[in-house]
Amino acid sequence: MTRRTILAALAVLVGGCRRAPTEPALPQGGTFTLVDQEGRPFSSEALKGRISLLFFGYTTCPDVCPVTLAKLTAVTNALGKDAARTRVVYVTVDPARDTPAVMKAHLAMYPIEAVGLSGTADAIADVARRYQVRYEVEATTSKAGYFVAHSTMMYVLDATGRTRHRLRYEATVADVVAAVRDLLD
Ligand SMILES: [Cu+2]
């Protein structure tokens, strides 16, 4: 190898290192305050210290949210003792019905450590926008009242509160566990 070839090879290597990862930037929630299921203020600062599994939904959701909570229950079981280093953060997109008391009663049905966040319509809209979550009340004539169409991605935040993984609704229990384990060490 000539000196010039080596230099050329080095340039390629360095160039490769300099290129940014192709993963699009994940949304960071920034600073916000909502209300937890005990009616206490819950600020984004409180996300620190544990890995958070964050998703948005509503308690009368007929399908997606119950499936997600069941999945997170399985994830908690699969994590074993490491589950104590994680927490589920469930933000309602239906704050008109999902008061703190409703969130509390709903989460009590699942054997997971979860924070259920509600707030004013404006506060919820702001946090949802920060996490690129969209939702929309759908008109319905059924007795169940209205449905709320919503984004179904789940975010995995590290213990500094930084978003590190975005998982699709189709992610399996193993996928979620792998995303958490990636941040555990
Ligand atoms: Cu839902």
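Our subject is the structure that appears above.
A short tour of the structure in this document, coming up.

Reading the values: rules and limits
Residues numbered from 1 in each chain as written. Predicted model: local features only at pLDDT ≥ 70, side-chain atom pairs only at ≥ 80, totals over all residues. Helix = DSSP H or I, 4+ residues; strand = E, 2+ residues; numbered from the N terminus. Contact = placed C-beta atoms within 7 Å. Core = buried A, V, L, I, M, F, W, Y, C linked by C-beta atoms within 7 Å. Buried ≥ 20, exposed ≤ 12 C-beta atoms within 10 Å, placed from the backbone. Pairing = 2+ DSSP bridges. Axes fitted to C-alpha atoms, helices over the stretch in contact; angles between N-to-C directions. Parallel < 35°, antiparallel > 145°, perpendicular 65-115°, else oblique. Left-handed = near helix turned anticlockwise from the far one by under 90°. Nonpolar A, V, L, I, M, F, W, Y, C, P; charged D, E, K, R; others polar. Expected span 1.5 Å × (residues − 1). Arc of directions from axis to C-beta. Right-handed = clockwise from strand over helix to strand, strands pointing away.

Side note on the overall build of the protein
Then step 1. Helix and strand content of the protein: five helices and nine strands.
Then step 2. Going from the N terminus to the C terminus, the protein shows its helices and strands as α-β-β-β-α-β-α-β-α-β-β-β-β-α.
Then step 3. In the protein, 67% of the contacts between residues at least 6 apart in sequence involve partners at least 24 apart.

Quick look at the nonpolar core
Then step 1. Of all hydrophobic cores here, the largest spans 37 residues; its most connected members are Val89, Val91 and Leu117.
Then step 2. Those elements giving two or more residues to this core turn out to be strand S1 (33-35), strand S3 (51-57), helix H2 (64-79), strand S4 (86-92), strand S5 (114-117), helix H4 (121-130), strand S8 (154-157) and helix H5 (173-184).
Then step 3. Top element by residues in this core is S3. It accounts for five residues.

A few points about the sheet that holds strand S9 (residues 163-167)
Then step 1. Spatially, the five strands line up as an open sheet ordered S5-S4-S3-S8-S9, and their pairing is mixed. Each edge of the open sheet is held by one strand with a lone partner, namely S5 and S9. Between one strand axis and the next, the sheet turns through 20 degrees on average, direction left out of account.
Then step 2. Note that S4 and S5 share four bridges and pair parallel. Bridge pairing in S5 links Tyr90 to Gly116.

Topic: the environment of Arg164
Then step 1. Mapped onto the elements of the fold, Arg164 is located in strand S9.
Then step 2. Sequence separation between Arg164 and Ala179 is 15 residues; the distance between their C-alpha atoms is 8.6 Å.

Notes on the packing of H2 against H5
Then step 1. H5 packs onto H2 with a crossing angle of 55 degrees between their chain directions and a minimal axis gap of 9 Å. Compared by their axis directions, H2 and H5 come out oblique. With respect to the hand of their crossing, H2 and H5 are arranged in right-handed fashion. On H5, the residues that touch Lys71, Ala74, Val75, Ala78 and Leu79 of H2 are Val173, Val176, Val177 and Val180.
Then step 2. Residues belonging to the contact of H2 with H5 are distributed by class as follows: eight nonpolar, no polar and one charged.

A word on H5
Think of an α-helix as turning once every 3.6 residues; residues three or four places apart then point the same way.
Then step 1. Taking 1.5 Å per residue as the helical rise, H5 with its 12 residues ought to reach 16 Å, and the 16 Å between its terminal C-alpha atoms agrees with that figure.
Then step 2. Buried within H5 we find Val176, Ala179 and Val180. Axial view of H5: buried residues confined to an arc of 95 degrees, hence all on one face. Exposed residues on H5 whose side chains face more than 90 degrees from its buried face are Ala174 and Leu184.
Then step 3. Buried residues belonging to H5 abut S3, H2, S4, S8 and S9.

Digging into the pairing of S4
Then step 1. Burial analysis of S4 places seven of its seven residues in the buried class, which makes it a mostly covered element.
Then step 2. Neither face of S4 is left uncovered, since the one carrying Thr86, Val88, Tyr90 and Thr92 and the one carrying Arg87, Val89 and Val91 both have all their residues buried.
Then step 3. One ladder, built from seven bridges, connects S3 with S4; its direction is parallel. In the sheet register, Gly57 faces S4, and the bridge partner there is Thr92.
Then step 4. Traced from S3 through H2 to S4, the parallel crossover comes out right-handed.
Then step 5. The β-α-β motif built from S4, the intervening helix H3 (residues 100-107) and the parallel element S5 has right-handed crossover chirality.

In short, the description is geometric, and any link to function would need to be established separately.
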